[in-house]
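Fold and geometry: a report
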Amino acid sequence: MVSMKTIAQKCCVSTATVSKALSDQKDISEETKARIRKAAQELGYFPNGTARALKTSRSFNIGVLFEEEAGCGLTHEYFSGVLNGLKEQVEKQGYDLTFINTCFDDRKMSYLAHCKYRNFDGVAIVCGDFNSREVIELMNSDLPVVTVDYIHQNCTAVLSDNIGGIEALMRYVYGCGHRRIAYIHGQKTSYVTKDRLASFYNAANVLGLDLPKNYVREAAYMDTRKAQTLTGELLDMEQPPTCILYPDDTALIGGRNEIEKRGMRIPDDISIAGYDGIRMSQLLYPRLTTVRQDTAKIGREAAIRLICEIEQAKTTQIQQVIIQGKLIPGQSVGHFNRDIC
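As the structure is a prediction and not an experimental result, all values here were calculated from the model.

1. A closer look at the layout of surface pockets
In this model, the largest pocket occupies a volume close to 800 Å³. Along the walls of the largest pocket sit 32 residues, with Glu-69, Phe-79, Cys-127, Gly-128 and Ser-190 positioned nearest its centre. Elements that contribute at least two residues to the lining of the largest pocket include exactly helix H5 (77-92), strand E5 (122-127) and helix H9 (191-206). If you tally residues by element for the lining of the largest pocket, the top one is H9, at four residues. Looking at the lining of the largest pocket, its residues break down into 15 nonpolar, eight polar and nine charged.

This is the structure in structure tokens:
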């Protein structure tokens with residue numbers, strides 16, 4: 001491994017000068033800094049992690065809490081996109097990522113205990129049960145924590161614009177002539193669902209829609225079976241909806257199966273729209289109308305905000321960062337003739 005001494009010999013300076021140049025200290029000229037940095041790069045120099053940790057009192061390691069209840073794990077396209085954006089930005093800024101667990105040497109330990117054991121500089125909670133005692137303990141700790149799609153008074157939150165996304169979707173469907181719009185939403189315990197459901201009701205009110213209470217149903221995110229059952233119930237109503245919104249593009253598949261099972265056509269007989277904008281949504285025919293969430297940007301912003309708090313703790317303020325999505329008009333929402341409604 002290349003050492004500072006090797007760089008010093010190549011540049012004909014002392015190791016102390018090399019150290020000052022690489023740490024960007026002011027008592028070294030910019031010309032000398034540039035020459036030393038160039039030599040370090042050419043020689044393939046990397047700073048010693050242990051020495052850097054001792055000098056800065058930081059591990060340059062960030063913990064990630066990811067407990068995904070749908071059972072999809074890292075195959076969940078939304079969360080995998082967020083994690084990938086987080087990973088890229090963290091590595092770009094010289095940090096490593098480690099997933100948090102609660103087991104050590106066959107013993108149970110809390111999330112916070114694991115973070116202290118691993119000496120994490122900070123934690124990104126990408127997905128977890130925010131009502132659990134251990135997650136609350138972690139968010140209330142002195143450790144820098146950033147949350148994704150959840151607001152806590154002690155943590156900076158990076159949020160997808162769920163309110164704006166549903167509003168845009170409702171306005172689009174309304175603009176296509178639909179007035180009987182049903183919504184199969186995710187579980188009410190989810191912070192995301194609360195925002196989306198409030199936005200749905202608000203948009204309906206603004207647009208002057210008087211929707212029956214049983215037009216709004218609940219199914220867990222990515223639960224295709226429940227979505228299929230609820231779709232059948234909606235279609236069996238005396239006055240069924242002309243358009244159904246689903247909690248996500250995956251759950252929508254269940255609804256789509258029920259519609260096709262009945263010999264109905266999309267969007268001629270019924271319109272449908274999803275959420276997330278996953279790759280599959282644009283491969284189906286008819287191509288789905290959906291809202292694409294900018295998962296990579298959510299992950300990057302979470303990393304940027306967390307590292308800023310780690311490195312500038314005294315000046316960093318708790319913030320809520322909203323990342324806008326994008327409405328993707330597809331072929332699954334058709335223009336409805338209200339004269340035959």
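2. Points about the packing of aromatic side chains
Centre distance and the angle of the planes are the two values used to describe a pair of aromatic rings. One pass over the structure, following the stated rule, counts seven aromatic pairs. Pairing Phe-66 with Phe-79 gives two aromatic rings, centres 5.7 Å apart and planes at 65 degrees, and the pair type is edge-to-face. Residue Phe-66 is located in strand E1 (residues 61-66), and its partner Phe-79 is located in helix H5; the two are separated by 13 residues in the primary sequence. With relative accessibility at 12%, the residue Phe-66 sits in the buried group. Three or more aromatic residues link up through ring pairs in this structure, and these residues are Phe-66, Tyr-78 and Phe-79. Between the NZ or CZ atom of Arg-179 and the centre of the ring of Tyr-174, over which it lies, the distance is 3.5 Å. Positioned over the ring face of Tyr-275 is Arg-196, at 3.8 Å from the centre of the ring.

3. Considering the pattern of salt bridges
If the charged atoms of two oppositely charged side chains come close together, the side chains can form a pair. Enumeration according to the criterion identifies 11 salt bridges in this entry. In this structure, Arg-265 and Asp-269 form a salt bridge, with 3.5 Å as the shortest nitrogen-oxygen distance. For Arg-305, the salt bridge is made with Glu-301, and the minimal N-O distance between the two is 3.1 Å. Placement of both Arg-305 and Glu-301 in helix H12 (residues 295-311) is noted, with a separation of four residues, approximately one turn of the helix. By sharing partners, the salt bridges in this structure join Asp-236, Glu-258 and Arg-262 into a single network.

4. So, the sheet that holds strand E8 (residues 181-185)
If you walk across this open sheet you meet the four strands as E9-E8-E10-E11, and the pairing is parallel. Each of the sheet's edge strands pairs with one partner strand only, and the pair in question is strand E9 (216-218) and strand E11 (271-273). Mean inter-strand twist for the sheet, computed between neighbouring axes without regard to direction, equals 20 degrees. Where E8 lies against E9, three bridges are found, and the strand directions are parallel. Opposite Ile-184, over in E9, you have Arg-217 as the bridge partner. Each of E8, E9 and strand E10 (243-245) touches H9; the most contacted strand, E8, lies at about 170 degrees to it.

5. Structural notes on the nonpolar core
Side chains of a nonpolar character, in soluble globular proteins, are inclined to be buried together. Counting residues in hydrophobic clusters, the biggest one holds 41 residues, and the most contacted among them are Met-170, Phe-200, Leu-245 and Tyr-246. Among the secondary structure elements, those contributing two or more residues to this core are helix H8 (162-175), E8, H9, helix H10 (224-235), E10, helix H11 (249-261) and E11. Among all residues touching Met-170, those that are not within four sequence positions of it are Ile-181, Phe-200, Ala-203, Ala-204, Leu-207, Leu-209 and Leu-245. Core analysis: the second largest hydrophobic core is formed by 25 residues, Val-82, Ala-124, Val-148 and Ala-302 among them.

6. Examining the packing of H8 against H9
The interhelical angle for the contact between H8 and H9, taken along N-to-C directions, is 35 degrees, at an axis separation of 8 Å. Crossing of H8 against H9: the hand is right-handed. For the pair H8 and H9, contact is made by Asn-162, Ile-163, Ile-166, Glu-167, Met-170 and Arg-171 and by Val-192, Asp-195, Arg-196, Ser-199, Phe-200, Ala-203, Ala-204 and Val-206, respectively. Residue composition of the contact of H8 with H9, grouped by class: eight nonpolar, two polar and four charged.

Reading the values: rules and limits
- Residues numbered from 1 in each chain as written.
- Predicted model: local features only at pLDDT ≥ 70, side-chain atom pairs only at ≥ 80, totals over all residues.
- Heavy atoms only, no water.
- 1 Å grid on protein atoms, 1.4 Å probe; cavity = no way out; pocket = protein on both sides within 12 Å on 5 of 7 lines; lining within 4 Å.
- Points joined across faces, edges and corners; volume = space filled by probe spheres on them.
- Helix = DSSP H or I, 4+ residues; strand = E, 2+ residues; numbered from the N terminus.
- Nonpolar A, V, L, I, M, F, W, Y, C, P; charged D, E, K, R; others polar.
- Phe/Tyr/Trp six-rings, centres within 6.5 Å; stacked < 30°, edge-to-face > 60°.
- Buried < 20%, exposed > 50% of the residue type's maximum accessible area, 1.4 Å probe, protein only.
- Lys NZ or Arg CZ within 6 Å of the ring centre and 35° of its normal.
- Salt bridge = Lys/Arg side-chain N within 4 Å of Asp/Glu carboxyl O.
- Pairing = 2+ DSSP bridges.
- Axes fitted to C-alpha atoms, helices over the stretch in contact; angles between N-to-C directions.
- Contact = heavy atoms within 4.5 Å.
- Core = buried A, V, L, I, M, F, W, Y, C linked by side-chain atoms within 4.5 Å.
- Left-handed = near helix turned anticlockwise from the far one by under 90°.

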